[in-house]
Amino acid sequence: MLMSLSLTAAILADFRHRFAYEPLLVRAPGRVNLIGEHTDYNGGFVLPAAIDKEIVFAVGLNGASHLRLVAYDLSETLTLTDAADISPSDVHWANYLLGVAAQFQQRGVAVPGFDCVFGGNIPVGAGVSSSAAVECGLAFALNQLLETGLDKLTLARMAQQAEHTYAGVKCGIMDQFASLFGRAGQVVRLDCRSLDYAYFPFDTQACRIVLCNSGVKHSLASTAYNTRRQECEQGVAVLQQHNPAIQTLRDATLADLEAHRAELSPTVYRRCTYVVQENARVETACHHLETGNLTAFGQEMYASHAGLRDDYEVSCAELDALVEAARGLPGVFGARMMGGGFGGCTINLVAPAQVDEFIASVSAAYEEQFGRRPETYQTTIVDGVGVV
Ligand code: GLA
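Residues numbered from 1 in each chain as written. Predicted model: local features only at pLDDT ≥ 70, side-chain atom pairs only at ≥ 80, totals over all residues. Heavy atoms only, no water.

- Under the annotation held in an unreviewed UniProt entry, the protein chain carries the name Galactokinase and is attributed to Hymenobacter antarcticus.
- As stated in UniProt under Sequence similarities (unreviewed entry), the record for the protein chain gives "Belongs to the GHMP kinase family. GalK subfamily." (UniProt positions renumbered as here; feature names shortened; annotations may be inferred.)

Things to note about helix H10 (residues 317-326)
Inference 1: Buried residues dominate H10, accounting for seven of its 10 residues.
Inference 2: Three or more residues of H10 are buried, namely Glu318, Leu319, Ala321, Leu322, Val323, Ala325 and Ala326.
Inference 3: Buried residues in H10 make contact with strand S9 (208-213), helix H9 (294-310), strand S10 (332-337), strand S11 (345-350) and helix H11 (355-370).
Inference 4: Following H10 by one or two positions, Gly328 adopts a phi angle in the positive range, close to 85°. (Buried < 20%, exposed > 50% of the residue type's maximum accessible area, 1.4 Å probe, protein only. Helix = DSSP H or I, 4+ residues; strand = E, 2+ residues; numbered from the N terminus. Contact = heavy atoms within 4.5 Å.)

Remarks on the site of the ligand
Inference 1: Around the ligand, the structure places Arg31, Glu37, His38, Asp40, Tyr41, Cys171, Gly172, Met174, Asp175, Tyr225, Gly339 and Gly340.
Inference 2: Here an oxygen atom of the ligand and a backbone polar atom of Gly172 are 2.9 Å apart.
Inference 3: Separating an oxygen atom of the ligand from a side-chain N or O atom of Tyr225 is a distance of 2.6 Å.
Inference 4: Relative to its unbound accessible surface of 310 Å², the ligand loses 93% to contact with the protein.
Inference 5: Spatially, the ligand is embedded in the largest pocket. (Near = heavy atom within 4 Å. Polar contact = N/O pair within 3.5 Å; in protein donor to acceptor, adjacent residues only side chain to side chain. Areas by Shrake-Rupley, 256 points an atom, 1.4 Å probe, with all protein chains shown as cover. 1 Å grid on protein atoms, 1.4 Å probe; cavity = no way out; pocket = protein on both sides within 12 Å on 5 of 7 lines; lining within 4 Å. Sits in = over half its atoms within 2 Å of the grid points.)

So, the pattern of salt bridges
Inference 1: Across all of its chains, the model carries 17 salt bridges by this definition.
Inference 2: When the shortest N-O distance is used, the salt bridge between Glu37 and Arg336 registers 2.6 Å. On the criterion of sequence distance, the pair formed by Glu37 in the loop between strand S1 (24-33) and strand S2 (45-46) and Arg336 in strand S10 is long-range, its members being 299 residues apart. Accessibility classification places Glu37 together with Arg336 in one group, the buried group. (Salt bridge = Lys/Arg side-chain N within 4 Å of Asp/Glu carboxyl O.)

Overview of the UniProt feature "domain: GHMP kinase N-terminal" (unreviewed entry) in the protein chain
Inference 1: According to UniProt, the feature "domain: GHMP kinase N-terminal" (unreviewed entry) maps to residues 95-183 in the numbering used here.
Inference 2: Along residues 95-183 one finds 58% helix and 8% strand; the C-alpha atoms at either end are 28 Å apart.

So, the domain arrangement of the protein chain
Inference 1: Its domain assignment divides the protein chain into domain 1 (2-204) and domain 2 (208-378).
Inference 2: Once you take the C-alpha centre of each, domain 1 and domain 2 turn out to be 25 Å apart.
Inference 3: Across the contact, 39 residues belong to domain 1 and 46 residues belong to domain 2.
Inference 4: Summed over both partners, the interface of domain 1 with domain 2 comes to about 3500 Å²; 64% of that surface belongs to carbon and sulfur atoms.
Inference 5: Applying the counting rule to domain 1 against domain 2 returns three salt bridges.
Inference 6: At the junction of domain 1 with domain 2, the criterion picks out 22 residue pairs in polar contact (both at pLDDT 80 or more).
Inference 7: Residue assignment for the side of domain 1 that touches domain 2 shows that the elements contributing at least two residues are S1, S2, strand S3 (48-61) and strand S7 (186-191).
Inference 8: Considering only residue class, the side of domain 1 that touches domain 2 consists of 17 nonpolar, 13 polar and nine charged. (Domains from an automatic or database assignment. Buried area = accessible area lost by both parts, 1.4 Å probe. Nonpolar A, V, L, I, M, F, W, Y, C, P; charged D, E, K, R; others polar.)

Details of the nonpolar core
Inference 1: Of all hydrophobic cores here, the largest spans 82 residues; its most connected members are Phe57, Phe104, Phe114 and Leu211.
Inference 2: Each of domain 1 (2-204) and domain 2 (208-378) contributes no fewer than three residues to this core.
Inference 3: Setting aside residues up to four positions removed in sequence, Leu211 forms contacts with Val32, Ile51, Val128, Met338, Cys345, Thr346, Ile347, Glu375, Thr376, Tyr377 and Thr379.
Inference 4: Core analysis: the next-biggest nonpolar cluster, separate from the first, contains 27 residues, Cys171, Val238, Leu257 and Tyr269 among them. (Core = buried A, V, L, I, M, F, W, Y, C linked by side-chain atoms within 4.5 Å.)

In C-alpha cells:
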C-alpha cells in the first residue's frame, strides 16, 4: 500500500511537472490465474484474480491534437503530432497505449490530444499481465475523460483487440477481464464462451499466493502463443466436420478426440487433449474451492502443470524446476506455471506458517540449478481497474 501511494505520488508529480495541469489518476492491476491456462481462447473456463501489483496512470486531455506518452519506469517518451493519425509504432511499450486509442477511434469516438504518464511495479514478461494492465488502465481513463460511457466488458474487449492488432498477440480475454473485473478477496471464474462469471472468496491470509519468477522473459512467446491457438483451431476444424455443434474445444470431449485421432496430427491431438482436460480441471478445482479442500485443489494445479509441460509444451526447464522444488515441501498445496508460458512465474498456494521456509527452500534449489535466485512475490487480491 505504501509503495502504491508513493508510486501514485511520483506519477502525479511527474505529470504536473511536465504538463502543468491536473490529470485523472487511474490504477490498473496485474493478475494471477489459479487454474485454467490456454482455455480462454478455446471458449473455456479460467479462474483469475487481480493482484496488488499495479500500474498507475496520470492522463489528461491537453486541449490540442498531440499525444505525449511517458513510460515513467523507462524514462522514455513518445510524442505524436496528431491523435487522428495513430498507427503501430516501433516503440514497443507505446503500442499498448496506441492500440487502445485506436480502438476508441474504430468505434467512431474522435480521440483528441492527450497526455499520459504511466508506471508501476508489475514485473514485465513474467506472466502476470503487465500488458493487459497498461491497456485496461488507459481504456478506463479515456472512457472517463471522453465520457464515452462504455461498460467494462466492452473496455476489456477493446483492450484485447489492442493486443491483437498493435502487439500481434492473439490473446484470449482472461487478462483484460481480470484486470477490469477483479474484486478484493475474490477469485473470479469466467466462462469465456458465454462471458458469465462468478466470484469465489479466496482469503490470502489463510492461504498465501506466492509467485516465483523464473526470470526467463518469454520473448518468443507471442509467436509460439499464436501457433498454439492455430493448432487448437486446426483440431476444431476436424472435429466440426463430424459434429457441427463443436464450435470451440470447449464443446469437445476426450471421446471426440479419440474417435478422430487418425485425422489429427499427433501434435494437434496432444494440444487439444490438454485443453479439454484443463477445462474439466477448472470445474473440479472450483468445486474443491467451494468445499475448502485446498489439498485437492492443489492436485489439480500439479496436473495442470504436467499438461502444460508435456502436451501443450509451453513450459521450460526453469518453470519445471520451480514446480518440482515446491512439490512436497511442508505447507505447499499446489504449484504450476502461470500465464502464457515459456518463462515467467509459477503460482504456489502455501500455508502462511510455512511461507518463509517455502521461499528459502525453493530459492536455494533454483540457485543450485540455475545459478541465480528467483524473485518471489506474496500477492494479495485487490479490486480491478479504478480511479485512484
Ligand atoms: C496469456 C493470454 C491470455 C491466456 C493466457 C494463457 O496471458 O494473454 O489470454 O490465453 O496467456 O492462459
